[in-house]
Amino acid sequence: KPLREEAAKALALEVSQSGTLIKGLVTGVIKGGVEVSIQGLRAFAPASGMDLHPQNANFASLLGQVMDFKVTQCDEKARDVVVTRRPMLEAEAHERRKMALQHLAEGQVLKGTVRTIVEWGAFIALADAGGLEGLVHISEASHDPKAKIGDLLSPGQEVEVKITKIDDRGKIWLSRRALLEDPWAEARGKYQVGKILKA
């Protein structure tokens, strides 16, 4: 074991300098991330380096898996080794996004799940487009201009949305309002000019 560990330390130091990838075995889930064994050498992978959305990740499902890692931190004695999968995850997500965008078009109606609520709108993960995220701006969430986004949508809620725009950077703009009945359309028929009503 000591000889194997020394060899693993030298390898970890070498790949940290060259930037090449190294195989690691996920051996445990700990606070803030996971433990990884690199040929017997203990390393730490932070949660943000194991999943692009770590708050929703199930790291226990990775136990026992051998995966490619990039060494981001390694001192000369390899006592403090930090690894990540983030560059590979980002590259995979970019490729998936590129492929999924080829099948999307303005005007399409898709089902999605509310992932994040922000002051100006909500980010929706589109189930029919490989989990790609799009934004429903607050102005496109409802016909009521005074409605608050938090009162209309909540994380985890399933919702139907319409693609209103896909910009040059591949950003997807969505509308929930476009699929809701317009109360003003009903009002125009009900309250005609010159009609006498009790109010």
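Computed from a predicted structure; not experimentally measured. (Residues numbered from 1 in each chain as written. Predicted model: local features only at pLDDT ≥ 70, side-chain atom pairs only at ≥ 80, totals over all residues. Heavy atoms only, no water.)

**Things to note about the pairing of strand β6 (residues 109–118)**
Argument step 1. Note that β6 and strand β9 (residues 158–166) share 5 bridges and pair antiparallel. Across the sheet, residue Lys111 finds its bridge partner in β9, namely Glu160.
Argument step 2. Here 6 bridges tie β6 to strand β7 (residues 121–126), and the two strands are oriented antiparallel to one another. Note on β7: the bridge partner recorded for Thr113 is Ala125. (Pairing = 2+ DSSP bridges. Helix = DSSP H or I, 4+ residues; strand = E, 2+ residues; numbered from the N terminus.)

**Topic: the pattern of salt bridges**
Argument step 1. For the structure on display, the rule yields 5 salt bridges.
Argument step 2. Between Glu133 and Arg115 there is a salt bridge, and its shortest N-O distance comes to 3.1 Å. Here Arg115 lies in strand β6 and Glu133 lies in strand β8 (residues 132–137), a separation of 18 residues in the sequence.
Argument step 3. In this structure, Glu140 and Arg177 form a salt bridge, with 3.5 Å as the shortest nitrogen-oxygen distance. In this pair, Glu140 sits in the loop between β8 and α3 (149–152) while Arg177 sits in the loop between β10 (172–175) and α4 (183–190), placing the two residues 37 residues apart along the sequence. (Salt bridge = Lys/Arg side-chain N within 4 Å of Asp/Glu carboxyl O.)

**So, the sheet that holds β9**
Argument step 1. Read around the closed barrel, the 5 strands follow the order β6-β7-β8-β10-β9; overall the barrel is mixed. Sheet twist, expressed as the average angle between the axes of neighbouring strands with direction ignored, equals 55°.
Argument step 2. With 2 bridges joining them, β8 and β10 adopt parallel strand pairing. The partner of Leu135 across the bridge, within β10, is Trp173. (Axes fitted to C-alpha atoms, helices over the stretch in contact; angles between N-to-C directions.)

**A look at the confidence of the model for the protein chain**
Caution applies to low-pLDDT regions: their predicted coordinates should not be interpreted in detail.
Argument step 1. This prediction gives the protein chain a mean pLDDT of 86; 97% of its residues lie at or above 70.
Argument step 2. Per-element confidence in the protein chain ranges from a low mean pLDDT of 77 for helix α1 (residues 2–18) to a high of 93 for β10. (pLDDT = per-residue confidence, 0-100.)

**Here's the deal with the side chain of Thr84**
Argument step 1. In this fold, Thr84 is placed in strand β5 (residues 81–84).
Argument step 2. Judged by relative accessible area, Thr84 falls into the buried class, the value being 9%.
Argument step 3. Within polar-contact distance, the side chain of Thr84 engages the backbone nitrogen of Arg86 at 3.1 Å.
Argument step 4. Setting aside residues up to four positions removed in sequence, Thr84 forms contacts with Gly49, Phe69, Lys70 and Thr72. (Buried < 20%, exposed > 50% of the residue type's maximum accessible area, 1.4 Å probe, protein only. Polar contact = N/O pair within 3.5 Å; in protein donor to acceptor, adjacent residues only side chain to side chain. Contact = heavy atoms within 4.5 Å.)

**A closer look at the nonpolar core**
Argument step 1. By size, the foremost hydrophobic cluster in this structure holds 21 residues, and its most contacted members are Val36, Met50, Phe69 and Val83.
Argument step 2. Secondary structure elements with two or more residues in this core: α1, β1 (21–30), β2 (33–38), β3 (41–46), β4 (66–74) and β5.
Argument step 3. Of all the elements, β4 adds the most residues to this core, at 4 residues.
Argument step 4. Not counting residues up to four positions away in its chain, the partners in contact with Val36 are Gly24, Leu25, Thr27, Leu41, Arg42, Ala43, Ala45, Phe69 and Val83.
Argument step 5. Of all hydrophobic cores here, the second largest spans 18 residues; its members include Leu110, Val114, Ala141 and Ile172. (Core = buried A, V, L, I, M, F, W, Y, C linked by side-chain atoms within 4.5 Å.)

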